[in-house]
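An overview of the molecular structure
So the chains spell out like this:
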Amino acid sequence: MKNTFLRLIFSILFFSFLSPFLFAQNTFGFKNPVLRGFNPDPSVCRVGDDFYLVTSSFEYFPGLPIYKSKDLINWQQIGHCLTRDSQLPLQNAGSSEGLFAPSLRYHDGLFYVICTNVSDGGNFFCTATDPAGDWSEPVWIDANTIDPDLFWDDDGKTYLVMQGAKGISVAEIDLATGKLTSDEHLVWDGIGGRYPEAPHIYKKDGYYYVLLGEGGTEYMHSATIGRSKNLLGPYESCPLNPILTHANRIGQANPIQAVGHADLVQAADGSWWMVFLGFRVLHQWAYWHILGRETYLAPVDWPQGGWPQVNGDGTVTLDMQVATLPQCPVDALPVRNDFDADKLGFEWQYIRNPIRDNYSLAERKGALRISVSPHTLDEAKPVSAVLRRQTEHDFCATTSLDLNAQHDNEEAGITLIQNNSHHYDLLLAKNGDKYQVQLRVKLGSISYVAARQDVETDKVLLKITGTPYQYTFYYATPNNENNFVELDRMDTRYLSKEVAGGFTGVMIGLYATSNGKPTQAKAYFDWFDYETMGE
Ligand code: 6LW
């Protein structure tokens, strides 16, 4: 009896001492960025305990990836907003054209994504009851702007929020037709930074708040906020502005740069959070980044009637030492994609609207068949390629390729592509009665084969490893599968946005082209491995 009592006391003491460590250990600390690799212009909303987030996707199809999370840290992609050609005409989209910054909102039982297709059609919104899809056909909006958002005021009026010529403006909108039903009013032009853009409006404690991106989406980027008792203004600027930036002394040496283009969300427990874009920089005398603009998270202190303060001093770190929502990890993608499923996973995209017949997972079970197309990666055309993001500087990507070719101009392989004019292609090409592995370099007006090696076979393994400063390219032949031969190395820097321009990040693609000639050739990729290290 005495023993049982003592045991009970001991267990109570033991568990009350340990429980904060056992049950609350995963509510502190997280790693930024929360969405790694090209995921810019994030916009977030909450429904119940679930958060949903969208990022921009430019010339890639399907468009606008949709992610879901319980904790704002661990995100799982649940689909894309724009999956049909009728929703997303990208035929005319050059690199970094197509879809600019979207906004994701939930109102009255419906999810709304509003966005701009700068290549075709302009501004539009789509709706869905389930954010995983299907989403409606676009309702096109008669407004010449970018970075649109929707704001529902308490009086029942709905406003289009947009980047106007002189700052952020609003106009009433009829959601049934997409027509603007009032004049456009300039509401706030920010604190004088270049390119006031990316507006979102929130109503809290009797104030309208306008959140902006300012400084342009590069090293001077920031988020600023103003507020007013009236939607149409005048707005006063927050004394803490910019509430988020690394374009200052405390941010200057931060490995994350260009933070801005933000959105705010309140969790069910009342805490406030900000999602925003930023990039991880590399430097050797100059700064550059290759992974594109990624999605970051920071806690926000936003007291009743007060101003929002982002992570204390308006800067963030890769390793965030802050209290979090209870963390709910999600399954990571497996390293190996065996191409056994009947559909490609959500991580894969095409460049522009794909010619669907050029791809099959059924023709050879367990392999991805890509029909060789005359279009090359240099062209703004529906090239034959499937691509996924480079998500870390340190990675290894390997594939097994079988090229069924008849002519010397036919090739297939792996590309690391920043845009039409900046890519490294590790390829297998027909070469007379043999085949040849090549590394082709395309850097603006410079285009050449950096290395070549004859092989006796039409089946090879191709491998690319990445480190922050260098990509290394290898191949192996089937009877020597574990013996990878290094073909060449290239600097990462020439695929950076600072060299190549644009708004996207490096994508890793499986592609096939006949370099402009008619073709019947086919490439079969048996599997694709993508493994990241470090960070
Ligand atoms: C986007 C603009 C921006 O429309 O970059 O970072 C543009 N901000 O808001 C393209 O992503």
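The shown structure was predicted, so the numbers you read here are calculated from the model rather than taken from an experiment.

Below, the discussion takes up the pattern of salt bridges. If you walk through the whole model with that rule in mind, you get 24 salt bridges. Among the salt bridges present, the one from E392 reaches R36, with a minimum N-O distance of 2.5 Å. Remark: R36 occurs in the loop between β1 (28–31) and β2 (43–47) and E392 occurs in the loop between β32 (384–389) and β33 (395–404); sequence separation between them is 356 residues. On the accessibility criterion, E392 (7% relative accessible area) is buried. With relative accessibility at 22%, the residue R36 sits in the partly exposed group.

This next bit is on the sheet that holds strand β34 (residues 411–419). The sheet built from six strands is open, its strands ordered β32-β41-β34-β35-β36-β37 with antiparallel pairing. Only two strands of the sheet have a single neighbouring strand rather than two, namely β32 and β37 (446–455). Adjacent strand axes in the sheet meet at a mean angle of 20° when their direction is disregarded. Pairing analysis gives six bridges linking β32 to strand β41 (residues 507–513), with the strands arranged antiparallel. Residue pairing for β41: R388 is matched across the bridge by I508.

We now examine the nonpolar core. Judged by nonpolar contacts, the single largest core of 70 residues is most densely connected at W135, L416, V437, Y471, F473, L510 and F525. Two domains each put at least three residues into this core: domain 1 (27–324) and domain 2 (336–532). In this structure, V34, L211, I243 and W307 belong to the second largest nonpolar core, which totals 41 residues.

A few words on the site of the ligand. Inspection of the region around the ligand gives D41, F58, F100, A101, I146, D147, E197, T217, H221, H261, L277 and R293 as its neighbouring residues. D41 is positioned such that a nitrogen or oxygen atom in its side chain is 2.5 Å from an oxygen atom of the ligand. The side chain of H261 places a nitrogen or oxygen atom 3.1 Å from an oxygen atom of the ligand. Isolated, the ligand exposes 300 Å² of accessible area, and the fraction of that covered by the protein chains is 98%. Here the residues of the shell around the ligand are counted per class, giving five nonpolar, three polar and four charged.

This part takes up the pairing of strand β31 (residues 368–371). Neither face of β31 is exposed, since L368 and I370 on one face and R369 and S371 on the opposite face are all buried. With two bridges connecting them, strand β30 (residues 359–360) and β31 associate as antiparallel partners. Each bridged residue has a counterpart across the sheet, and for S360 the counterpart in β31 is R369. As judged from the four bridges shared by β31 and strand β42 (residues 522–532), these two strands associate in the antiparallel manner. For I370, the partnering residue across the bridge sits in β42 and is A523.

Time to look at the sheet that holds strand β8 (residues 110–117). Taken in spatial order, the four strands make up an open sheet running β7-β8-β9-β10, and their pairing is antiparallel. Because the sheet does not close on itself, it has two edges, and the strands there are β7 (103–107) and β10 (139–140). Where β8 meets strand β9 (residues 122–128), seven bridges bridge the pair, whose relative direction is antiparallel. Bridging across to β9, T116 finds its partner in N123.

Turning our eyes to something else, we now look at unusual backbone geometry. At the junction of G133 and D134, the peptide bond is cis and its omega measures out at -5° in the coordinates. Mapped onto the fold, D134 is located in the loop between β9 and β10. Cis geometry is adopted by the peptide bond preceding P234, which originates at G233 and carries an omega value of 5°. Among the secondary structure elements, P234 is positioned in the loop between β18 (222–228) and β19 (236–237).

Another aspect to go through is the packing of aromatic side chains. Geometry of an aromatic ring pair is reported as the spacing of the ring centres plus the angle between the planes. For the coordinates displayed, the defined rule picks out 26 aromatic pairs. Taken together, F38, F58, Y60, F100 and F503 form an aromatic cluster joined through their ring pairs. If you follow K463 out to its NZ or CZ, it ends over the ring of F484, 4.4 Å from the centre.

Note on terminology: disulfide describes a covalent bond linking the sulfur atoms of two cysteines. Counted by the stated rule, this structure contains zero disulfides. Distance from the sulfur of C115, which forms no disulfide, to the nearest cysteine sulfur (C81) is 8.1 Å. C115 sits in the buried class, given a relative accessible area of 0%. Sulfur of C126: no disulfide; nearest cysteine sulfur belongs to C81 and is 4.6 Å away.

This part takes up the side chain of R105. By the secondary structure assignment, R105 is in strand β7. What makes R105 buried here is its relative accessible area of 13%. Here H200 takes part through its side chain, which lies 3.1 Å from a polar atom of the side chain of R105. Looking at R105, its side chain comes within polar contact range of the side chain of D263, at 3.0 Å. Other than its neighbours up to four places away in sequence, R105 contacts S43, V44, C45, L110, F111, Y112, D149, L150, W152, H200, Y202 and D263.

What counts and how
- Residues numbered from 1 in each chain as written.
- Predicted model: local features only at pLDDT ≥ 70, side-chain atom pairs only at ≥ 80, totals over all residues.
- Heavy atoms only, no water.
- Salt bridge = Lys/Arg side-chain N within 4 Å of Asp/Glu carboxyl O.
- Helix = DSSP H or I, 4+ residues; strand = E, 2+ residues; numbered from the N terminus.
- Buried < 20%, exposed > 50% of the residue type's maximum accessible area, 1.4 Å probe, protein only.
- Pairing = 2+ DSSP bridges.
- Axes fitted to C-alpha atoms, helices over the stretch in contact; angles between N-to-C directions.
- Core = buried A, V, L, I, M, F, W, Y, C linked by side-chain atoms within 4.5 Å.
- Domains from an automatic or database assignment.
- Near = heavy atom within 4 Å.
- Polar contact = N/O pair within 3.5 Å; in protein donor to acceptor, adjacent residues only side chain to side chain.
- Areas by Shrake-Rupley, 256 points an atom, 1.4 Å probe, with all protein chains shown as cover.
- Nonpolar A, V, L, I, M, F, W, Y, C, P; charged D, E, K, R; others polar.
- Phe/Tyr/Trp six-rings, centres within 6.5 Å; stacked < 30°, edge-to-face > 60°.
- Lys NZ or Arg CZ within 6 Å of the ring centre and 35° of its normal.
- Disulfide = S-S within 2.5 Å.
- Contact = heavy atoms within 4.5 Å.

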